[in-house]
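Understanding the architecture of this molecule
Each chain, written out:
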Amino acid sequence: MKIFTARQIYEADKSTIQKEQIKSHELMERAATQLFEWMHSRLRGTQVNIKLFCGIGNNGGDGLVLARKLNEHGYSIKVYVVNYSDKRSEDFLLNLERLKDGKVWPDFINAESDLPEISPNDIVVDAIFGIGLNRAPDAWVGNLIKHINSSRAFTLSVDVPSGLPVDRGPWEPSYVVNSSYVLSFQVPKLVFFLPETGVYVNQWEILDIGLDQDYMINTETDFELIGRPEVLPMYRPRLKFSHKGTYGHSVIVGGSYGKIGAVQLASNACLSIGSGLVTAFIPKCGYDSLQTAVPEVMVLTGSREKNISGIEIPFEPSVVGIGVGIGQDDDTVSAFGNFLKRVDSPMVIDADGLNILSQNPEMLKDVPALSILTPHPRELERLMGQWSSDFEKLEKAKAFAAHYNLVLVIKGAHTITIYNGKGYVNTTGNPGMATAGSGDVLTGMITGLVAQGYSSVEAAIFGVYLHGLAGDLGVSSKGYEALKASNIVEHIGNAFSDVFRQPEMEQKESGQN
Ligand SMILES: NC(=O)C1=CN([C@@H]2O[C@H](COP(=O)(O)OP(=O)(O)OC[C@H]3O[C@@H](n4cnc5c(N)ncnc54)[C@H](O)[C@@H]3O)[C@@H](O)[C@H]2O)[C@@H](O)CC1
Ligand SMILES: [K+]
């Protein structure tokens, strides 16, 4: 699913109004009717106090339409107009009149007003600012937002949490509504998925308000949300008359004394995702344990007992995944550097492989084109320097990936794969996966997909998706705390099946942070 910028959403809005020959207030009515139906289908007339905070733009207009409909259906509502500007939008004004026609009289909140009482049992509808926010809210509006946040009431945000701009970080982090649930129109917003701004969104759901499909399909976006519909077409079916050679021979290079488990996890994951053959290249100390733990994996050892000091592979591998548990001994670093010079085909580089690159940036030019680097945020920072916001991080990552012609997988709650100026935001995974060895499993999975002929970017996107899904399936039986990296490997097969599961009903895009 494409992730549009605010400017693109306004364009889609305009194009819909033109093509359908409707008025903008009719589109507002359509959007707010969706909001109402969402609430009504859940509340079914329950007598709870609903407090609607409406700004003076179209986000506020949505709130007013919702208030009118709730009132018509007998709900107990109180409407507050947050009067932060006298530039009220036309559709806001129209709907203010319609609300008054229904005998609902909003309270107007200004800089001098007392803050209204909000009980933890109330439902707050947050329609103060939408995607039109273009500067920090005034301090008194910020204080109102803080007041809403401290009320502990269930807070339903219209389109976006008020105070959260959609194309940058907030000016003042405490002036952003902490949403319990965001009902976002038509498309998800990038800020829902980034570590600094995703914290304002507990759960989100997309409401389809029927914006112009032609515009949506034909407009290129810088980011895309990756769910099942996006990964299904990437799948490469296994062929009846195929053999293990068809699916590639992967080599996992890594391990050092005390860190052989990393290679075990990566090679096991590599096999489980379908690599025809897997060979591990490790120091001698790991030979027995690895052969015993994963008998299907072939093992080559270097000349040293405890670390890798030279990498010799006596055949042409389909792909190499390198770095897990490899350490940073001087001779390992030079073995790594020499190996990079000798390999031309894309590799998967993780963990200490990335740290070696950060320490020795001159090696970056030897990394084969289209290699996949899988840093977590600290490793990314070591590779490309600090950033001041998530948005700057993404811009730097795009520039870095383009400069070296690489695929960058930025690991996190929503892992983002960067390639060719575009970011692919993953939707699977859970906090149970923040556990030792989880990254080693991902390295093995991506390596195994490249071995089977997936392009680098597809291997990264699909591998990240399946890794998260395997973790989600693992959590359903183990729980968050007990989930181990080896459980993720055990669920890779189920993750494939899940991708092909027929949806029981129409899937709605939604998520939880
Ligand atoms: N594009 C769509 O698909 C649709 C959008 N609708 C709603 O329209 C919203 C956008 O409406 P608007 O463009 O009117 O913008 P907002 O309602 O988000 O903000 C209102 C206005 O306040 C001003 N403003 C921005 N930051 C401010 C600040 N810090 N202090 C004081 N004033 C500030 C701006 O001039 C802005 O236009 C969406 O979020 C959505 O809720 C819906 O009505 C229907 C369809
Ligand atoms: K809002």
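These figures come from a predicted structure and were not determined experimentally.

Below, the discussion takes up the overall build of the chain. When its secondary structure is counted, the chain shows 17 helices and 19 strands. On C-alpha atoms alone, the chain measures out to a radius of gyration of 26 Å, which is about the 24 Å that the 2.2 N^0.38 rule sets for 513 residues. Projecting the C-alpha coordinates of the chain onto the three principal axes gives extents of approximately 85 × 45 × 45 Å. For the chain, the proportion of its 513 residues judged to be buried stands at 49%. In the chain, of all internal contacts separated by at least 6 residues, the share reaching a separation of at least 24 is 75%.

This part is about the nonpolar core. Among the nonpolar cores identified, the biggest contains 150 residues, and Leu-52, Phe-53, Val-82, Val-125 and Met-445 are the most heavily contacted of them. Ranked by residues supplied to this core, first place goes to helix H15 (residues 456-478) with 11 residues. In this structure, this core is formed jointly by two domains, domain 1 (2-217) and domain 2 (248-501), each of which donates at least three residues. With residues up to four places along the chain from it excluded, the contact list for Val-125 reads Ile-50, Leu-52, Phe-53, Gly-63, Leu-66, Leu-156 and Val-158.

This part takes up helix H8 (residues 260-272). Taking 1.5 Å of rise per residue, the 13 residues of H8 would be expected to cover 18 Å, and the 18 Å separating its terminal C-alpha atoms lies within 8% of that figure. Summarising burial for H8: 13 of the 13 residues are buried, a large majority. One or two positions beyond H8, positive phi appears at Gly-274, with a value near 115 degrees.

Averaged over the chain, the pLDDT score is 96; the fraction of residues at 70 or greater is 99%. Confidence estimates for the predicted assembly give a pTM of 0.95 and an ipTM of 0.97.

The next subject is the UniProt feature "domain: YjeF C-terminal" (unreviewed entry) in the chain. Those places that UniProt annotates as "domain: YjeF C-terminal" (unreviewed entry) correspond, in this numbering, to residues 227-499. Taken end to end, residues 227-499 comprises 44% helix and 14% strand; its first and last C-alpha atoms sit 9 Å apart.

What follows is about the environment of Pro-431. Of note, Pro-431 is situated in the loop between strand E18 (422-426) and helix H14 (438-451). Put simply, Pro-431 and Ala-67 are 364 residues apart on the chain and 37 Å apart in space, counted from C-alpha to C-alpha.

Looking now at the domain arrangement of the chain. Along its sequence, the chain is organised into domain 1 (2-217) and domain 2 (248-501). Placing a centre on the C-alpha atoms of domain 1 and another on those of domain 2 gives a separation of 42 Å. Listed by partner, the interface residues are 9 residues for domain 1 and 7 residues for domain 2. Grouping the constituent residues of the side of domain 1 that touches domain 2 by class yields 4 nonpolar, 3 polar and 2 charged.

To continue, consider the sheet that holds strand E5 (residues 123-127). Read from one edge to the other, the open sheet built from 8 strands follows the order E4-E3-E2-E5-E6-E7-E8-E19, with strand pairing classed as mixed. Two strands close off the open sheet at either side, each with one partner strand: strand E4 (107-109) and strand E19 (510-512). Along the sheet, successive strands turn relative to each other by an average axial angle of 20 degrees, direction set aside. As judged from the 3 bridges shared by strand E6 (residues 154-158) and strand E7 (residues 179-185), these two strands associate in the parallel manner. Looking at E7, one finds that Ser-157 is bridged to Val-182. Sheet strands in contact with helix H3 (residues 58-72) are strand E2 (49-54), strand E3 (76-82), E5 and E6, and its direction is about 155 degrees off that of E2.

The strands making up a sheet associate through backbone hydrogen bonding, with each pair oriented either parallel or antiparallel. With respect to topology, 11 strands assemble into an open sheet ordered E1-E9-E18-E17-E16-E15-E14-E13-E10-E11-E12, the strand pairing being mixed. The open sheet terminates on both sides in strands that have one partner only, identified here as strand E1 (2-3) and strand E12 (298-301). Examined bridge by bridge, strand E11 (residues 277-282) and E12 share 4 bridges and lie parallel to one another. Residue pairing across strands places Ile-282 opposite Thr-301, the latter belonging to E12. Against the sheet, H8 engages strand E10 (249-253), E11 and strand E13 (319-322), with an angle of about 170 degrees to E11.

A few words now on the site of ligand 1. Neighbouring residues of ligand 1: 32 residues in total, closest Gly-57, Asn-58, Asn-59, Gly-130 and Gly-132. In terms of residue count, the dominant contributor to the shell around ligand 1 is H3 (5 residues). Of the residues assigned to the shell around ligand 1, the class counts are 15 nonpolar, 12 polar and 5 charged.

Below, the discussion takes up the pairing of E3. Most of E3 is tucked away, with 5 of its 7 residues classed as buried. Of the pairings in the sheet, the one linking E2 to E3 comprises 6 bridges and is parallel in character. Residue Lys-51 lies in a different strand from E3, and its bridge partner there is Lys-78. The handedness of the E2 to E3 crossover, carried by H3, is right-handed. Note: E3 against E4, 3 bridges, orientation parallel. Directly across from Tyr-80, in E4, lies its bridge partner Asp-107.

So, on to the packing of helix H11 (residues 352-359) against helix H12 (residues 377-384). Contact pair H11 / H12: the axes reach a minimum separation of 8 Å and the direction vectors enclose 25 degrees. When the interaxial angle is binned, H11 and H12 end up roughly parallel. In the packing of H11 onto H12, the handedness of the crossing is left-handed. Contacts between H11 and H12 involve Leu-354, Asn-355, Leu-357 and Ser-358 from the former and Glu-379, Arg-382 and Leu-383 from the latter.

How each quantity is defined
Residues numbered from 1 in each chain as written. Chains lettered and ligands numbered in written order. Predicted model: local features only at pLDDT ≥ 70, side-chain atom pairs only at ≥ 80, totals over all residues. Helix = DSSP H or I, 4+ residues; strand = E, 2+ residues; numbered from the N terminus. Rg over C-alpha atoms; globule rule 2.2 N^0.38 Å. Buried ≥ 20, exposed ≤ 12 C-beta atoms within 10 Å, placed from the backbone. Contact = placed C-beta atoms within 7 Å. Core = buried A, V, L, I, M, F, W, Y, C linked by C-beta atoms within 7 Å. Domains from an automatic or database assignment. Expected span 1.5 Å × (residues − 1). pLDDT = per-residue confidence, 0-100. UniProt positions renumbered as here; feature names shortened; annotations may be inferred. Nonpolar A, V, L, I, M, F, W, Y, C, P; charged D, E, K, R; others polar. Pairing = 2+ DSSP bridges. Axes fitted to C-alpha atoms, helices over the stretch in contact; angles between N-to-C directions. Near = placed C-beta within 6 Å. Right-handed = clockwise from strand over helix to strand, strands pointing away. Parallel < 35°, antiparallel > 145°, perpendicular 65-115°, else oblique. Left-handed = near helix turned anticlockwise from the far one by under 90°.

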